[in-house]
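Spelled out from the first residue to the last, the chains are:
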Amino acid sequence: MPTVDERLKHVTLKVKRAYEHISAFEQQLRAFLESRPYKVGAKHDPETRKLIYYVESAEPIPDCLPLIAGDAIQNLVSALDHLAYQIVCRDTGDNPPNPKGIYFPIADDLAKYEANKRGRMEGARQQTFDAIDALKPYKGGNDQLWTLHRLNNIEKHRLLLTVGSQAGGINLGQLMAGHLSGTFPPEAVAAFESMNVFLNPADKGFPLTAGFELYIGAVDEKPNPKQQFRFDVALSEGGVIEGKPVLETINQFAKLVDDVVATLTPLLK
């Protein structure tokens, strides 16, 4: 009978490949952001005279970013399916009754999970289902696991996941420095300028287009030439995930799968 490490081999390879995709995504994202794809302008509202910082232009997201993100997600889901297969093999003495129909059971709600879990892992022991039940792999239980599953289904049936730019916030330190300049000592102003704290906007403007207003200031306020804004490349699929930074999200998915594998590995012994 195969050892635990032998049973985990393909699972581990799939997770490793997902991390390679995540690394590639990070490199491509950095290259895109370093190309200065966002231009910010400042103007005064002709009626209120308030200062408005706005997006003058925003370059489109390179197609490689959603493609690489989709590849990472697919490998992570595949790792879970490989894990489910090996667990069923372990439970059945390497003689699963339906080897081509084994998938890690994830569902849209608890009722669907209960109705379908045994069909997806036919031959598994009750001990196995008890362990997987504890993970709550359905919407309303482990929403992150369900989101990973849904995004993988979307990516399989459509060329690209919906990835776009959104506002990530205004540098609060520079904003305060601009307000205090001329009234506070230079060293106090410099201390605020050195801060790297961004005020998270309620409206992120996904997908970002020219003309989107980033921040509305005071009446007759002068634009601060040092003012910085942050932008994110985000993932947004209606009813599944809304405006979440892609790199952060796929890293969270990878950690999630790592945790699931670690939790269920004892079933392979």
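If you're wondering where the values come from, they're calculated on a predicted model, not measured in any experiment.

A. Representation of the overall build of the protein. Along its length, the protein carries eight helices and seven strands. For the protein, the C-alpha radius of gyration of 24 Å lies well beyond 18 Å, the compact-globule estimate for 269 residues. Here the protein holds 269 residues, and the buried ones make up 43% of them. Counting only contacts in the protein whose residues sit at least 6 apart along the sequence, the fraction spanning at least 24 positions is 75%. Entry remark: accessible area of the protein is about 14100 Å², with carbon and sulfur atoms responsible for 52%. The average position of the 30 basic charges and that of the 34 acidic charges among the side chains of the protein differ by 4 Å.

B. Quick peek at the pairing of strand β1 (residues 38-44). Summarising the sheet, β1 and strand β2 (residues 50-58) pair through seven bridges and their orientation is antiparallel. Pairing of V40 across the sheet is with V55, part of β2. A loop of five residues connects β1 with β2, the two strands running antiparallel in sequence, and R49 in this loop sits at a positive phi of about 65°.

C. Representation of the environment of A254 within the structure. Along the chain, A254 falls in helix α8 (residues 246-264). Overall, A254 belongs to the buried group, its relative accessible area being 0%. For A254 and Y19, which are 235 residues apart along the polypeptide, the C-alpha to C-alpha distance reads 7.3 Å. Those residues in contact with A254 that lie beyond four places of it in its chain are Y19, I22 and L76.

D. Local environment of the sheet that holds β2. Strand order across the open sheet formed by three strands is β1-β2-β5, with antiparallel pairing between neighbours. Either end of the sheet is taken by a strand with one partner, and the two such strands are β1 and β5 (213-219). Pairwise comparison of adjacent strand axes, ignoring direction, gives a mean angle of 25° for this sheet.

E. Just the pattern of salt bridges, in detail. The final tally for this structure, using the stated rule, is ten salt bridges. For R17, the salt bridge is made with E20, and the minimal N-O distance between the two is 2.8 Å. Of the two residues, R17 and E20 both sit in helix α1 (residues 4-34), three residues apart, roughly one turn of that helix. A salt bridge links K112 to D108, with the shortest nitrogen-to-oxygen separation between them at 4.0 Å. Judged by relative accessible area, K112 falls into the partly exposed class, the value being 41%. Each of E114, K117 and D133 takes part in one network of salt bridges that share partners.

Calculation rules
- Residues numbered from 1 in each chain as written.
- Predicted model: local features only at pLDDT ≥ 70, side-chain atom pairs only at ≥ 80, totals over all residues.
- Heavy atoms only, no water.
- Helix = DSSP H or I, 4+ residues; strand = E, 2+ residues; numbered from the N terminus.
- Rg over C-alpha atoms; globule rule 2.2 N^0.38 Å.
- Buried < 20%, exposed > 50% of the residue type's maximum accessible area, 1.4 Å probe, protein only.
- Contact = heavy atoms within 4.5 Å.
- Areas by Shrake-Rupley, 256 points an atom, 1.4 Å probe, with all protein chains shown as cover.
- Lys, Arg positive; Asp, Glu negative; His and termini not counted.
- Charge placed at Lys NZ, Arg CZ, Asp CG, Glu CD.
- Pairing = 2+ DSSP bridges.
- Axes fitted to C-alpha atoms, helices over the stretch in contact; angles between N-to-C directions.
- Salt bridge = Lys/Arg side-chain N within 4 Å of Asp/Glu carboxyl O.

Everything listed here is a matter of coordinates, which is why it stays silent on function.
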